[in-house]
Amino acid sequence: MTDFSDLMLDVAKVRSDFPILDREVHGKPLVYLDNAATCQTPRQVIEVFDDYYRRYNANIHRGLHTLSDEATAAFERSRDKVRAFINAREIREVIFTRGTTEAINLVANAWGRANLKAGDEVLISQLEHHSNIVPWQLLAGEIGFTIKVIPVDERGVLDQAAYRDLFTERTRLVAVNHVSNAFGTVNPVAEMARVAHEHDALILVDGAQAAPHEQIDVVAMDADFYAFSGHKVYGPTGVGVLYGKAALLEAMPPWQGGGEMIKTVSFEAGSTFADIPHKFEAGTPAIAEVIALGAALDWVSGIGLPLIRAWEQRLTEHATQELSRIDGLRLLGTAPGKAAVVSFVVDGAHSQDIGLLIDQLGVAIRTGHHCAQPLLAHFGVDATCRASFAAYNTPEEIDIFVESLERVIGMVR
């Protein structure tokens, strides 16, 4: 069994912050291993909503009364917490969105429409989530630029030599994830950014799966754009972040129009727009969710991402060792140093059947294509089972998962 004794994470204390982990499913203690889809939320984040709606629920930025001032201050404190979490240079480089998907669509529709033209090229990796494929396909269909795909090897690792060879004088953007949601591959985004910039191209990094596992430093990696979602990093749903270098954001036109993103509106003279970041935050935002995201980042930082990552890596090693013992089970995605994800298929068993039956034993995993259909098609499958781990998971839960999986496999074969 993998040794966890040298790690200083008090997992019992961590678990005590998550009320949902006390529940049962089908009469069994919940074993939640679907964290790559959505992490559970600690009570410190849950309590933000009660506090906000009980004490200072108000719209932000333009109000002159006390509640609005308090809500605005809490909202903008969260923006600064995000800035610190990703090490952005300026608070105005942090834009709140509904999630990673909206953040990428914002870049596609604001930067992409203003800068891409027919004959240009955008490089996208084979590891991408649909959210970092479809917006570019839609825009390419309108504008006529070309999408080129960075291939992976048999381990699910991006081919860096092939990546470098894809560049031409027409390459304008690289869109790549920091961590693969399907396989857990951690991409060398700093090196990929360096190569992109050598060719005068920008890089957009989908950090949805990196935020809960990796120390993010957008300055060190020299990302032009970086996106992540609250619910992947122990925060609420419905909120996310787009980081962009200030000069790029200032030059981009707004994507959505409405309140908050304007300076002036006139039928005669047209409209002028607010400074960044507010230029890209039209309408009333998810105020409580943004404040709660700040609390989630406080919680993560209080434990420390290096310790969280070390714990999750041991869990991943333990799960990989135990799953490898099962006859007919094939692991997909074996990149060295991968994040806390194991994806697998089982001979003679459909992933959906496994997912449904293992749920009856109290174990929650994800099955399907994980919004990564091109990647799975490359490996000759249309679905996998995926177990993904978080700071509150334990080696004992891994053992329960593996034992339950063996029972289920015996039922479906």
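Just so it is clear, the model here is predicted, and its values are computed rather than measured. (Residues numbered from 1 in each chain as written. Predicted model: local features only at pLDDT ≥ 70, side-chain atom pairs only at ≥ 80, totals over all residues. Heavy atoms only, no water.)

### Points about unusual backbone geometry
- Cis geometry marks the peptide bond from Ile-276 to Pro-277; its omega dihedral reads 10 degrees.
- For Pro-277, the location among the structural elements is in the loop between strand E12 (270–273) and helix H10 (287–303).
- Residues other than glycine seldom take positive phi values, yet Asp-222 does so here, at roughly 60 degrees.
- Looking at the secondary structure, you find Asp-222 in the loop between helix H8 (218–221) and strand E9 (225–229).
- One non-glycine residue, Glu-260, lies in positive phi territory at about 75 degrees. (Helix = DSSP H or I, 4+ residues; strand = E, 2+ residues; numbered from the N terminus.)

### Quick word on the pairing of E9
- The buried fraction of E9 amounts to five of the five residues, a majority that puts the element mostly inside the structure.
- Because side chains alternate across E9, one face comprises the buried residues Phe-225, Ala-227 and Ser-229, and the other comprises Tyr-226 and Phe-228, equally buried.
- With three bridges joining them, strand E8 (residues 202–206) and E9 adopt parallel strand pairing. Note on E9: the bridge partner recorded for Val-205 is Tyr-226.
- Note that E9 and strand E10 (residues 240–244) share five bridges and pair antiparallel. Looking at the pairing, Phe-225 lines up with Gly-244 of E10. (Buried < 20%, exposed > 50% of the residue type's maximum accessible area, 1.4 Å probe, protein only. Pairing = 2+ DSSP bridges.)

### Re the pattern of salt bridges
- Counted according to the given criterion, the structure contains 28 salt bridges.
- The shortest N-O distance in the salt bridge between Arg-79 and Glu-281 comes to 2.8 Å. Taken together, the positions of Arg-79 in helix H3 (residues 66–86) and Glu-281 in the loop between E12 and H10 put the pair 202 residues apart, joining distant regions of the chain.
- Given the relative accessible area of 9%, Glu-281 is considered buried.
- The shortest N-O distance in the salt bridge between Glu-322 and Arg-325 comes to 2.8 Å.
- Assessed through its relative accessible area of 17%, Glu-322 is described here as buried.
- When salt bridges that share partners are traced, they join Lys-117, Asp-120, Arg-170 and Arg-172 into one network. (Salt bridge = Lys/Arg side-chain N within 4 Å of Asp/Glu carboxyl O.)

Any functional reading would require information that these geometric values do not contain.
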